[in-house]
Amino acid sequence: MDTTPIRDIEPIHDTGPVHDTEPVLGTERDLDSERMLDGPRVLGGTPSSGYGTEQILATFLDFYRRLGHEPLPGGSLIPPPGDPVLFTTSGVHPLVRHLETGRHPLGGRLVNVQRCLRTTDLDEVGDDRHYTLFEMLGSWSFGDYSHEQSLRWGYELLTDGFGLRPDRLYVTVFGGSDELGPDDESERTWTELGVPVELEPENWWSLGPTGPCGPDSEIHVWTGDGTPTGTPGTDSRWMELWNHVEMRYRRLPDGSLEPLPRRVVDTGMGLERLVTLLSGVSTGYDTDLFLPWLSTARRLWGVHGPTERVVSDHLRSVVALLGDGVRPGPTGRGYVPRRLIRRVLTRLWREDETHSLSDLPDEVITETLRHFRQDPRTPVRGVLLDEQRRFGELVRRGRRVLGRYRGRPLTDDDLHYLHDTHGLPPEVVTDLYEGVSA
């Protein structure tokens, strides 16, 4: 995403309903959703536009609630039982097993906010776009309404609900392949709405080499100054914001396609990206999602730049993991919070070995748990301090051992030996060795 601050965006409407249509499914139900029942609550203050994350979430959820969508409970980082992966990595993840049938026990219209966690690009965390923990806003139709209806509602929410200017939107749709023709229906819908549209063969979504798949419409927003220019394919200032997928087919092992018994419409929009856009800033780190952590890190430990971002991102992620019941451990799921905590401490102790996680105020921890609708009594502080003690002992032992290797590069055999014999993980050895060799 371009780092130029986003301008020319009208504010979120804060008077009246975001949608004047009565709920499609009839009478409204009591909803088990604190975000819908409570008024907006802003974590750590409001961003520059005056609208915080909680109000943005309420606008999104209330829009689909009014259209008869049932909110999915949970949103946990822990995948459903039987899932082989450690953590939920996308908004669609918890619903994968329902895509083949096109049916869900909660009904045909669903809406959710799903927290996700990825550790494949930890080294990129700290730039303007990468976060370890992120949230996805999603809406779903399981054989209920059409892809065209989803597109029209999406346009309405962006323009009427969030106040985005229509002339700042651009859409790409599936342009066809050797097997299938272009997505004429979506192209026609966007043209009727007055949004520029471009056909792209890459606008095709799939779970993998086999399984449910289909065309998608990617909604882009202009983030540059002045009048929009070019297209999403020619100008990086067009930022992809929201993807609307229609799962029409099942890809078979032989590569052929067969129609699904019931079509599924799935939309996904990154919360951090949306909040950044509506806050008029250039990165999620400048929004109320991260500012409480950033200001705390600066005040307590004097860190700045990429270090303060990494520290804030990782600690916030650890709090969410602990809130979902994950506890640090030597392997598997438990090693993720342990690794994140150690990455934080490594960076803090490079600055000053007296820095301690015991300095963290309760407020920033509690407010993060509340944002994720987790138990505020989660023993975050006790876990952090126990991990800090363990890692401190490991660092002291590691420095003594690594002193023997000073003056020569470490080999793969060295790393295996240090891990198997002394319990020093490779990433810890690498960080310690830089200090020992300096």
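What you see is a predicted model, and the numbers here were worked out from it, not measured in a lab. Along each chain, the written sequence defines residue order, and numbers are assigned to residues from 1. In keeping with the model being predicted, local features are shown solely for residues with a pLDDT of at least 70 and side-chain atom pairs are shown and tallied solely at 80 or more, while totals for entire chains, interfaces and linings include all residues. Derived side-chain values reflect all non-hydrogen atoms in the structure, with water molecules and hydrogen atoms excluded from consideration.

(A) Summary view of helix α11 (residues 380-402). Put simply, DSSP marks the helices as runs of H or I at least four residues long and the strands as runs of E at least two long, and each gets a number from the N terminus on. Here the expected length of a helix is defined as 1.5 Å per residue gap, with one fewer gap than residues. A rise of 1.5 Å per residue sets the reference length of α11, with its 23 residues, at 33 Å; its end C-alpha atoms lie 32 Å apart and thus fit the reference within 8%. The buried label goes to any residue with under 20% of its type's maximum accessible area, the exposed label to any with over 50%, and the partly exposed label to all in between, with areas taken from a 1.4 Å probe on protein chains only. When we look at burial in α11, the residues that qualify are Val-380, Val-383, Leu-384, Glu-387, Gln-388, Phe-391, Gly-392, Leu-394, Val-395, Gly-398, Val-401 and Leu-402.

(B) Local environment of the layout of surface pockets. Computed over the protein atoms alone on a 1 Å grid, cavities are sets of points where a 1.4 Å probe fits but cannot get out and pockets are open sets with protein on both sides within 12 Å along at least five of seven lines; a residue lines them when it has an atom within 4 Å of a point. Grid points are joined across faces, edges and corners, and a volume is the space filled by probe spheres set on the points. Quantified by volume, the largest pocket comes out at close to 1,000 Å³. Lining the largest pocket we find 34 residues, and of these Arg-118, Phe-134, Met-136, Gly-270 and Arg-273 sit closest to its centre. The set of elements that each furnish at least two residues to the lining of the largest pocket consists of β3 (133-142), β8 (238-251), β9 (257-270) and α6 (271-279). Nonpolar residues are Ala, Val, Leu, Ile, Met, Phe, Trp, Tyr, Cys and Pro. Charged residues are Asp, Glu, Lys and Arg, and all others, Gly as well, are polar. Split by residue class, the lining of the largest pocket holds 15 nonpolar, eleven polar and eight charged.

(C) Spotlight on the nonpolar core. Residues belong to one nonpolar core when they are buried, are Ala, Val, Leu, Ile, Met, Phe, Trp, Tyr or Cys, and are joined through side-chain atoms within 4.5 Å. If you look at the biggest cluster of nonpolar residues, it comprises 87 residues, and the most contacted ones within it are Phe-60, Trp-190, Leu-241, Trp-242, Trp-301 and Leu-357. Contacts between residues were defined by any pair of non-hydrogen atoms, one from each residue, lying within 4.5 Å. Contacts of Trp-190, omitting those with residues within four sequence positions, involve Leu-151, Tyr-155, Val-171, Val-173, Val-195, Val-197, Ser-217 and Ile-219.

(D) The arrangement of the confidence of the model for the protein in detail. On a scale of 0 to 100, pLDDT captures the predictor's confidence in every residue. A residue-level look at the protein finds 87% of positions with pLDDT of 70 or above and a mean pLDDT of 86. Taken element by element, the predicted model of the protein shows its lowest mean pLDDT in helix α1 (residues 34-37) (35) and its highest in strand β4 (residues 169-174) (98). The model gives residues 1-49 a pLDDT under 50, and that stretch makes 117 contacts with residues more than four places away or in other chains.

(E) Looking closely at the pairing of β8. A large share of β8 lies buried, amounting to 13 of its 14 residues. Pairing of strand β7 (residues 211-222) with β8, which is carried by ten bridges, proceeds in the antiparallel orientation. Looking at the pairing, Ser-217 lines up with His-244 of β8. Pairing between strands requires that DSSP locate at least two bridges from one strand to the other.

(F) Representation of the pairing of β7 in the model. Across the twelve residues of β7, twelve count as buried, placing the element largely inside the fold. With three bridges connecting them, strand β6 (residues 204-206) and β7 associate as antiparallel partners. The residue bridging Trp-205 from the neighbouring strand is Gly-214, located in β7. The loop that links β6 with its antiparallel partner β7 comprises four residues.

(G) Region of interest: the packing of aromatic side chains. Two aromatic rings from Phe, Tyr or Trp, using only the six-membered ring of Trp, form a pair when their centres are within 6.5 Å; if the ring planes differ by under 30 degrees the pair is stacked, by over 60 it is edge-to-face, and anything between is tilted. Evaluated as defined, the whole model comprises 13 aromatic pairs. Ring centres 5.3 Å apart and planes at 25 degrees place the aromatic pair Tyr-131 and Phe-290 in the stacked group. Of this pair, Tyr-131 sits in the loop between β2 (109-117) and β3 while Phe-290 sits in the loop between α6 and α7 (291-301), placing them 159 residues apart in sequence. The exposure class assigned to Tyr-131 is buried, which follows from its relative accessible area of 12%. Residues Tyr-170 and Trp-238 carry aromatic rings whose centres are separated by 5.4 Å and whose planes lie at 65 degrees to one another, so their mutual orientation is edge-to-face. Here Tyr-170, found in strand β4, pairs with Trp-238, found in strand β8; they are 68 residues apart in sequence, far enough to count as distant. For Tyr-170, a relative accessible area of 11% corresponds to the buried category. Taking the relative accessible area as the measure of exposure, Trp-238 reaches 7% and is therefore buried. Taken together through their ring pairs, the aromatic side chains of Phe-60, Phe-63, Tyr-64 and Trp-242 make up a single cluster. By definition here, charges over rings are those cases where NZ of Lys or CZ of Arg is within 6 Å of the ring centre and within 35 degrees of the ring normal. A cation sits over an aromatic face here: Arg-333 above Phe-87, 5.8 Å from the ring centre.

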